[in-house]
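The chain contents come next:
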Amino acid sequence: PRISIDRARVRLALRNLIENALRHGAGDGATLTVGADHAGLVVTVRDFGPGVDPQQLARLGEPFYRTDMARERVTGGVGLGLHLARLVAVAHGGTLTLRNAEPGFEAALRLPRSR
C-alpha cells in the first residue's frame with residue numbers, strides 16, 4: 001500500500017524493535033515480516049526467546065520501564081526503545097502491538113495507508 005512516513009523516525013522504531021528482538025531472543029534469532037492488510041502496512045518483528053511475564057506485558061512501552069530480566073543497563077538498555085517505537089507509530093496514525101508469541105515475543109508496527 002502507499003503510505004506516507006517520516007523515514008528517519010520509522011527507521012528508529014524498526015531499529016529499536018529489531019535490537020530488542022536480537023537482545024532478548026536467547027540467541028535463537030529473530031524474524032522480520034513485512035506485509036499489508038486492508039488498513040495499510042504491517043511490519044512484525046519476532047524473537048524466539050522466553051517472552052515477557054504476562055504481568056509485565058501491559059507496562060511495556062512505558063518510558064523507562066524495563067522487565068526484571070532487563071534490569072542491567074548494559075544488557076537491558078534504558079527502557080525507551082519500545083516507548084519511542086510506540087510514539088512513532090502513533091505519530092503516523094498507526095499502532096504498535098506487543099504480545100507473547102509462545103515461544104518468544106512479537107511486536108507489530110502498523111502504519112496506515114496514505115489518504
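All figures in this text were calculated on a predicted structure; none of them were measured in a lab. Throughout this description, residue numbers start from 1 for each chain and increase along the sequence as written. Given that this is a predicted model, residues contribute local features only at a pLDDT of at least 70 and side-chain atom pairs are listed and counted only at 80 or more, while totals for whole chains, interfaces and linings are drawn from all residues. Here the side-chain values reflect all heavy atoms present in the structure, with hydrogen atoms and water set aside.

> I tried to follow the overall build of the protein on my own but got confused; where do I start?
Strands are runs of DSSP state E lasting at least two residues, helices are runs of H or I lasting at least four, and both sets are numbered from the N terminus onward. The secondary structure content of the protein amounts to four helices and four strands. Walking the protein from its N terminus toward its C terminus, one meets helices and strands in the order α-β-β-α-α-α-β-β. In terms of overall size, the protein behaves like a compact globule, its C-alpha atoms giving a radius of gyration of 14 Å where 115 residues would be expected to give roughly 13 Å. If one aligns the C-alpha atoms of the protein with their principal axes, the spans along those axes are about 45 × 25 × 25 Å. Radius of gyration means the value over C-alpha atoms here, while the globule rule gives 2.2 Å times the residue count to the 0.38 power.

> Any chance you could explain the sheet that holds strand S1 (residues 30-37) here in plain terms?
Working definition: the strands of a sheet are paired by backbone hydrogen bonds and lie parallel or antiparallel to each other. Spatially, the four strands line up as an open sheet ordered S1-S2-S4-S3, and their pairing is antiparallel. Lying at the two open borders of the sheet, with one neighbouring strand each, are S1 and strand S3 (95-100). The sheet shows a mean angle of 15 degrees between the axes of neighbouring strands, taken without regard to direction. Its contacts with the sheet place helix H1 (residues 7-24) against S1, strand S2 (40-47), S3 and strand S4 (105-112), and it is angled at close to 25 degrees to S2. Residue contacts are defined here by distance: any two heavy atoms, one from each residue, within 4.5 Å place the two residues in contact. The axes used here are C-alpha line fits, helices contributing only the stretch in contact, and every angle between their N-to-C directions lies in the interval 0 to 180 degrees. Lying on the sheet, helix H4 (residues 81-91) is in contact with S3 and S4; it crosses S3 at an angle near 140 degrees. A pair of strands is treated as paired once DSSP finds two or more bridges between them.

> Got a minute to help me understand the environment of Thr31 in this structure?
For Thr31, the position within the fold is in strand S1. Exposure categories follow from relative accessible area, calculated using a 1.4 Å probe and restricted to protein chains: below 20% of the type maximum is buried, above 50% is exposed, and the middle band is partly exposed. A relative accessible area of 34% places Thr31 in the partly exposed class. Ignoring anything within four residues of it in the chain, the contact list for Thr31 reads Thr44, Val45, Arg46 and Phe48.

> Looking at this structure, I do not really get the pattern of salt bridges. What am I missing?
Side chains bearing opposite charge may pair, as long as their charged atoms lie close to each other. A carboxyl oxygen of Asp or Glu within 4 Å of a side-chain nitrogen of Lys or Arg is what we treat as a salt bridge. Enumeration over the complete set of coordinates arrives at four salt bridges. Between Asp6 and Arg9 there is a salt bridge, with the nearest N and O atoms lying 2.5 Å from each other. One salt bridge in this structure joins Asp37 and Arg110, with 2.8 Å as the shortest N-O distance. Of this pair, Asp37 sits in strand S1 while Arg110 sits in strand S4, and the two are 73 residues apart along the sequence.

> Is there a simple way to think about the pairing of S1 in this case?
A regular strand carries its side chains on alternate faces of the sheet. Across eight bridges, S1 lies against S2 in antiparallel orientation. By the bridge assignment, Ala36 is partnered in S2 with Leu41. What sits between the antiparallel neighbours S1 and S2 is a turn of two residues.

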